[in-house]
Amino acid sequence: MISGNKNRFQGIPLGQQLGFLEYLVTPENLDSYRKAVDYPEAAYPNILAGECFEITVQKMKIGAFDSVTHSDRYYRPPVVDRRVQVTGWIREKRQRRGVDQTLVETFAVDEVGTEILRSAHVFQSTASSAPGRLGRRPSTMRRPAGAELLSPVVKQVSEETIARFDSANRALLGSSGSEWRRQSGNLHTGAELASGMGLSGAVAPGELGLAYLHELLDRRFGKDFRQGGRIEINYRRPIFAGDHVSAQGIASVASEDGGRQVWQVQLWLENGRGEQVITGNAQVTMPSPLT
C-alpha cells in the first residue's frame, strides 16, 4: 500500500487551519474566465482557482495530490472589485480500499463578510490513485419516471482552451497562487510533460469540467442554482486536449415544501468516446431561500 497522504498530513492535527488565500475579482479577470469556459454568464470564477488545492500545497509545499471528490454549496457569486478570502482545515483522515485519504474543507467570504461558498475535497496521493476508477456510460444512469433530461452543453477542449483557462487562473490568483500553479510547463499546459507521465496529451484541470457542469445547471436553474445550489462530483478520467465533451443531466423533483420544489440532478461529463470523465449530483431548491 502506498500511503502518500498519511505521511504528508500526519503532522497536522484535525481542525488546524491549512492556509489562507486571497484574490480580487476584477471585471477583466471575470471576463477572462468567462471566455476561458466559453460561457458569458459564468458567475463563479473562484471555482477555477482550486482553493482547496491552493491552500493545501501552500501548507504542505507539495503538489502531488489528486482531488478524488469535490462538493460545493453556493451562497452568493463573488462581487466584482471585492476581495475574496479563503481559509481551510483538515476535517477527517481516513482509509478507503487501502488508500489513505484526507478530507479538506474550505470557506470563502468576501471582504465585507458575505458568504460565497463552502467546499469539501477528498485528497489522495497521485501515486496512490487506485486504478479502475473509470467513468460509466450514460446508459447506466437511472432516469426516474417523469424526469427531465437537461439540454446538453457540448464543448471542444483544445490545447488553446487549456492554456486560456490556465492563464485566467493565474490572473485571478496573482501573487496568492502557489509556485506550482505559477510555474510554466505543468501538467495542464505541457503536452510534453503529460506524455512523459504516460498520458496521451495535455490534460485539462478538473475545474474546467466542473465549469461545464456549472453551465448546464445555470442554464436550467439560473439564480436558484447560483444562490443555494449544491453539487458533488467525482473525477473519473482525465480530459485531454482534443476531447469533445458533453455535460449532461437528468433532473427530477424530489420533494415539495412550503411552495418550494427540491430538485435532484444526476450529472455527468462525457467525452467523445462515450466515457464519463466526471460523475456527480446536484440539488437545487426552486425558488431558492437565498434569492
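Residues numbered from 1 in each chain as written. Predicted model: local features only at pLDDT ≥ 70, side-chain atom pairs only at ≥ 80, totals over all residues. Heavy atoms only, no water.

**Structural notes on the overall build of the protein**
Reasoning step 1: Tallying secondary structure elements over the protein gives 8 helices and 11 strands in all.
Reasoning step 2: Evaluated residue by residue, the protein yields a buried proportion of 52% over its 291 residues.
Reasoning step 3: Intrachain contacts of the protein at a sequence separation of at least 6 include 74% that bridge at least 24 residues.
Reasoning step 4: Taken as a whole, the protein presents about 13,100 Å² of accessible surface, with 47% of it coming from carbon and sulfur. (Helix = DSSP H or I, 4+ residues; strand = E, 2+ residues; numbered from the N terminus. Buried < 20%, exposed > 50% of the residue type's maximum accessible area, 1.4 Å probe, protein only. Contact = heavy atoms within 4.5 Å. Areas by Shrake-Rupley, 256 points an atom, 1.4 Å probe, with all protein chains shown as cover.)

**Things to note about the pattern of salt bridges**
Reasoning step 1: Inspection of the entire model under this criterion finds 15 salt bridges.
Reasoning step 2: Across the salt bridge formed by arginine 82 and aspartate 110, the nearest N and O atoms sit 2.9 Å from each other. Of the two residues, arginine 82 is situated in the loop between strand E2 (65-74) and strand E3 (83-96) and aspartate 110 in strand E4 (residues 99-110); the sequence distance between them amounts to 28 residues.
Reasoning step 3: Linked through salt bridges whose partners overlap, the residues forming this network are Asp38, Lys155, Glu215 and Arg219. (Salt bridge = Lys/Arg side-chain N within 4 Å of Asp/Glu carboxyl O.)

**Section: the side chain of serine 288**
Reasoning step 1: Its place among the elements puts serine 288 in the segment after strand E11 (276-286).
Reasoning step 2: Judged by its relative accessible area of 4%, serine 288 is buried.
Reasoning step 3: Separated by 3.1 Å, the side chain of serine 288 and the backbone nitrogen of leucine 290 make a polar contact.
Reasoning step 4: With near-sequence residues (within four places) excluded, serine 288 lies in contact with Asp224, Gln227, Gly228 and Arg260. (Polar contact = N/O pair within 3.5 Å; in protein donor to acceptor, adjacent residues only side chain to side chain.)

**Side note on the packing of aromatic side chains**
Note on aromatic pairs: each is described by the distance of the centres and the angle between the planes.
Reasoning step 1: Counted by the stated rule, this structure contains 3 aromatic pairs.
Reasoning step 2: Ring centres of tyrosine 44 and tyrosine 74 lie 4.8 Å apart, and the angle between their planes is 55°; this geometry places the pair in the tilted category. Taken together, the residues span a long stretch of sequence, with tyrosine 44 in the loop between helix H2 (27-37) and helix H3 (51-60) and tyrosine 74 in strand E2 at a distance of 30 residues. Across this residue pair, the class does not change: tyrosine 44 and tyrosine 74 are buried.
Reasoning step 3: Cluster of aromatic residues (ring-pair linked, three or more members): Tyr44, Tyr74 and Phe225.
Reasoning step 4: We note arginine 118 situated over the ring of phenylalanine 107; from NZ or CZ to the ring centre the distance is 4.2 Å.
Reasoning step 5: Sitting above the plane of the tryptophan 263 ring, arginine 220 keeps its charged end 4.9 Å from the centroid. (Phe/Tyr/Trp six-rings, centres within 6.5 Å; stacked < 30°, edge-to-face > 60°. Lys NZ or Arg CZ within 6 Å of the ring centre and 35° of its normal.)

**With respect to unusual backbone geometry**
Reasoning step 1: Along the chain, methionine 286 connects to proline 287 via a cis peptide bond; the corresponding omega equals -10°.
Reasoning step 2: Of note, proline 287 is situated in the segment after E11.
Reasoning step 3: Despite not being glycine, aspartate 38 has its phi angle at roughly 60°, a positive value.
Reasoning step 4: Take aspartate 38: it is sitting in the loop between H2 and H3.
Reasoning step 5: You will see that aspartate 81, though not glycine, has its phi angle at about 75°, which is positive.

**Some details on the environment of glycine 50**
Reasoning step 1: Assignment of secondary structure puts glycine 50 in the loop between H2 and H3.
Reasoning step 2: Residue glycine 50 is classed as buried on the basis of its relative accessible area of 6%.
Reasoning step 3: C-alpha separation for the pair glycine 50 and glutamate 207, spaced 157 residues apart in sequence, amounts to 7.0 Å.

**Describing the nonpolar core**
Reasoning step 1: Judged by nonpolar contacts, the single largest core of 54 residues is most densely connected at Tyr23, Ile231 and Leu269.
Reasoning step 2: Per element, the largest residue contribution to this core is 8 residues, and it comes from helix H7 (residues 206-221). (Core = buried A, V, L, I, M, F, W, Y, C linked by side-chain atoms within 4.5 Å.)

Fair warning: the whole summary comes from geometry, so function is off the table for now.
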